[in-house]
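Read off the chains here:
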Amino acid sequence: MTESNRLRIAIQKSGRLSTDSQQLLKSCGVKFSINEQRLIAHADNMPIDLLRVRDDDIPGLVMDGVVDLGIIGENVLEEEQIERQTLNKPAEFVKLRQLDFGACRLSLAVPTEFSYADASSLEGLRIATSYPNLLRRFMQQKGISYRDCMLKGSVEVAPRAGLADGICDLVSTGATLEANGLYETEVIYRSMACIIQSTQTQTPSKQALIDRILSRVNGVIRARESKYILLHAPTETLDQIVALLPGAENPTVLPLNDDTNRVAIHAVSTEDLFWDTMEQLTALGASSILVMPIEKMMG
Ligand SMILES: Nc1ncnc2c1ncn2[C@@H]1O[C@H](COP(=O)(O)OP(=O)(O)OP(=O)(O)O)[C@@H](O)[C@H]1O
Ligand SMILES: O=P(O)(O)OC[C@H]1O[C@H](OP(=O)(O)OP(=O)(O)O)[C@H](O)[C@@H]1O
Ligand SMILES: [Mg+2]
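These numbers were taken from a predicted model, which means no experiment stands behind them.

**Student:** Break down the overall build of the chain for me, with residues and values.
**Tutor:** Helices and strands together make up the secondary structure of the chain, namely eight helices and 15 strands. Taken over the C-alpha trace, the chain has a radius of gyration of 25 Å; the compact-globule value for 299 residues is 19 Å, which it surpasses by more than 25%. Projecting the C-alpha coordinates of the chain onto the three principal axes gives extents of approximately 75 × 55 × 35 Å. Looking at the chain residue by residue over its 299 residues, the buried ones come to 47%.

**Student:** Quick rundown of the packing of aromatic side chains? Include the residues and the values.
**Tutor:** Within this structure, the stated rule accounts for zero aromatic pairs. In this structure, Lys 26 packs its charged tip against the face of Phe 32, placed 4.9 Å from the ring centre.

**Student:** Kindly report on the sheet that holds strand 6 (residues 104-111), identifying the contributing residues and their values.
**Tutor:** Spatially, the five strands line up as an open sheet ordered 8-7-9-6-10, and their pairing is mixed. Only two strands of the sheet have a single partner each, and these edge strands are strand 8 (147-150) and strand 10 (182-191). Mean inter-strand twist for the sheet, computed between neighbouring axes without regard to direction, equals 25 degrees. With four bridges connecting them, strand 7 (residues 126-129) and strand 8 associate as parallel partners. Bridging across to strand 8, Arg 126 finds its partner in Arg 147. Docked against the sheet, helix 3 (residues 74-86) engages strand 9 (166-171) and strand 10, running at close to 75 degrees with respect to strand 10. On top of the sheet, helix 4 (residues 132-142) reaches strand 6, strand 7, strand 8, strand 9 and strand 10; it is set at about 100 degrees to strand 10, its chief contact.

**Student:** Could you give an account of the domain arrangement of the chain, naming the residues involved and the relevant values?
**Tutor:** Here the chain is partitioned into domain 1 (7-100 + 193-223), domain 2 (104-191) and domain 3 (226-293). Between the C-alpha centres of domain 1 and domain 2 there is a distance of 29 Å. Opposite the ten residues of domain 1 that make contact, domain 2 presents eleven residues. Summing both sides of the interface, domain 1 and domain 2 together bury roughly 940 Å²; the carbon and sulfur share of this comes to 45%.

**Student:** Give a description of the sheet that holds strand 4 (residues 69-73) that names residues and reports values.
**Tutor:** One open sheet accounts for six strands, arranged 2-3-1-4-11-5; its pairing is mixed. The outermost strands of the open sheet, each flanked by one partner alone, are strand 2 (40-42) and strand 5 (94-98). This sheet shows a mean twist of 25 degrees between the axes of neighbouring strands, independent of strand direction. Sheet topology places strand 1 (residues 7-12) next to strand 3 (residues 48-53); six bridges connect them, and they run parallel. Its bridge partner being in strand 3, Ile 11 is matched across the sheet by Arg 52. Sheet contacts for helix 6 (residues 204-225): strand 1, strand 3, strand 4, strand 5 and strand 11 (193-197); angle to strand 5, the most-contacted strand, approximately 25 degrees.

**Student:** Describe unusual backbone geometry, naming the residues involved and giving the relevant values.
**Tutor:** Positive phi values are uncommon outside glycine, yet Asp 258 reaches one of about 60 degrees. As for its position among the elements, Asp 258 is in the loop between strand 13 (252-256) and strand 14 (259-269). Judged by its relative accessible area of 80%, Asp 258 falls in the exposed class. Even without being a glycine, Ser 288 presents a positive backbone phi close to 45 degrees. Note on placement: Ser 288 falls in strand 15 (residues 287-293). Look at Ser 288 and you get partly exposed, because its relative accessible area is 48%.

**Student:** Describe the nonpolar core, and please don't skip the residues or the numbers.
**Tutor:** As a rule of thumb, nonpolar side chains are buried together in soluble globular proteins. Counting 34 residues, the largest nonpolar core has Leu 108, Leu 122, Ile 127 and Met 139 as the members making the most contacts within it. For this core, the secondary structure elements donating two or more residues are strand 3, helix 2 (58-63), helix 3, strand 6, helix 4, strand 10 and strand 11. There are two domains that each give this core at least three residues, and those are domain 1 (7-100 + 193-223) and domain 2 (104-191). Those residues in contact with Ile 127 that sit more than four places away from it in its chain are Leu 108, Leu 122, Leu 135, Met 139, Tyr 146, Arg 147, Asp 148, Cys 149, Ala 164, Gly 166, Ile 167 and Cys 168. Counting 26 residues, the second-largest nonpolar core is a separate cluster that includes Leu 7, Leu 17, Cys 28 and Leu 209.

**Student:** I'd like to hear about the coordination of the magnesium ion (ligand 3), residue by residue, with values.
**Tutor:** All of the protein donors around the magnesium ion (ligand 3) are Asp 55 (OD) and Asp 56 (OD); their distances to the metal are 2.0 to 2.1 Å. Overall, the relative accessible area of 31% leaves Asp 56 in the partly exposed class.

**Student:** Which residues make up the pattern of salt bridges, and what are the values?
**Tutor:** Under the defined criterion, the tally for this structure stands at eleven salt bridges. Put simply, Asp 49 and Arg 6 hold a salt bridge, and the shortest N to O gap is 2.7 Å. You can see Asp 49 sitting in strand 3 and its partner Arg 6 sitting in the segment before strand 1, a full 43 residues away along the chain. The partly exposed category is assigned to Arg 6, whose relative accessible area is 24%. Between Glu 74 and Lys 95 there is a salt bridge, with its nearest N and O atoms 2.8 Å apart. Within this pair, whereas Glu 74 is found in helix 3, its partner Lys 95 is found in strand 5, the two being separated by 21 residues in sequence. Here the salt bridges do not stand alone but share partners, grouping Asp 64, Glu 80 and Arg 84 into one network.

What counts, and at which threshold
Residues numbered from 1 in each chain as written. Chains lettered and ligands numbered in written order. Predicted model: local features only at pLDDT ≥ 70, side-chain atom pairs only at ≥ 80, totals over all residues. Heavy atoms only, no water. Helix = DSSP H or I, 4+ residues; strand = E, 2+ residues; numbered from the N terminus. Rg over C-alpha atoms; globule rule 2.2 N^0.38 Å. Buried < 20%, exposed > 50% of the residue type's maximum accessible area, 1.4 Å probe, protein only. Phe/Tyr/Trp six-rings, centres within 6.5 Å; stacked < 30°, edge-to-face > 60°. Lys NZ or Arg CZ within 6 Å of the ring centre and 35° of its normal. Pairing = 2+ DSSP bridges. Axes fitted to C-alpha atoms, helices over the stretch in contact; angles between N-to-C directions. Contact = heavy atoms within 4.5 Å. Domains from an automatic or database assignment. Buried area = accessible area lost by both parts, 1.4 Å probe. Core = buried A, V, L, I, M, F, W, Y, C linked by side-chain atoms within 4.5 Å. Donors = N, O, S within 2.8 Å, 3.2 Å for Na, K, Ca; no water. Salt bridge = Lys/Arg side-chain N within 4 Å of Asp/Glu carboxyl O.

This is how it looks when you write it as structure tokens:
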């Protein structure tokens, strides 16, 4: 393997995680442009190369030390880890953190006419999946024997095509299941995207760059989860109003010009301020309520 002093990050080339992965790195100040034909994108302002690959290849690239970092769904990561452990292949990595996109679940589903009581209803049946290892782990834990039908895609059409009795596949809104006459019976794994690092020795300069990227990722995600709130409040209901602001610690309270009965409140809230909270604030006499996104956060 060729040693490079540029940090290598593997991201999905095209699919559910591609836009969010690219957006996250851009928000961290990594400047690059993607040429659809090219598998590598060089950052202009940092010693970073992006490898654009199939998501299935990302865990292995990290575990084999071919790349330093990878952005991947936990479902694919866990599946690859079990596979490699079974085959006695290197399966080490460091999970740096979970990210705030790629939410989905790996579920069992059966045709609408199937009467399902619990997982034992699947005893001896054939289940189509792209996740044979996660399925096997679940079924072994339940002590249920089954046959599997390995499909890389279009898993949801398997029962109708007569290839299987049920499926084990990813679900987000459930629209694909519904469109294929299936219903979800059991969630076997909940997943988010995550960022992982190789355990192979990094040079100190690469490790320093990884630490910087990670601290920026933390800042970007914190900012995305937070809102800046400004409002005017009567002094008499000030305490009740502050108590209503979700996750807001020590808000700034400022006097208003020519109004001694009201103050301005500035606060950073760590949760979304929902409409019903806004209505409760208004009922306590709050006015001019502004909820604004935060672009970056640090410290
Ligand atoms: N419906 C969904 N909503 C949100 N996240 C999802 C959804 N489906 C999948 N994901 C997440 O995104 C990852 C990539 O999904 P995608 O469907 O793009 O994979 P793929 O078809 O295997 O792509 P590739 O061509 O890279 O192999 C999944 O492994 C999962 O972590
Ligand atoms: O519950 P839903 O919101 O309908 O999402 C679930 C679907 O999303 C994913 O496929 P995707 O659309 O990414 O296409 P793919 O099969 O080509 O990977 C997944 O494999 C399911 O088929
Ligand atoms: Mg894939």
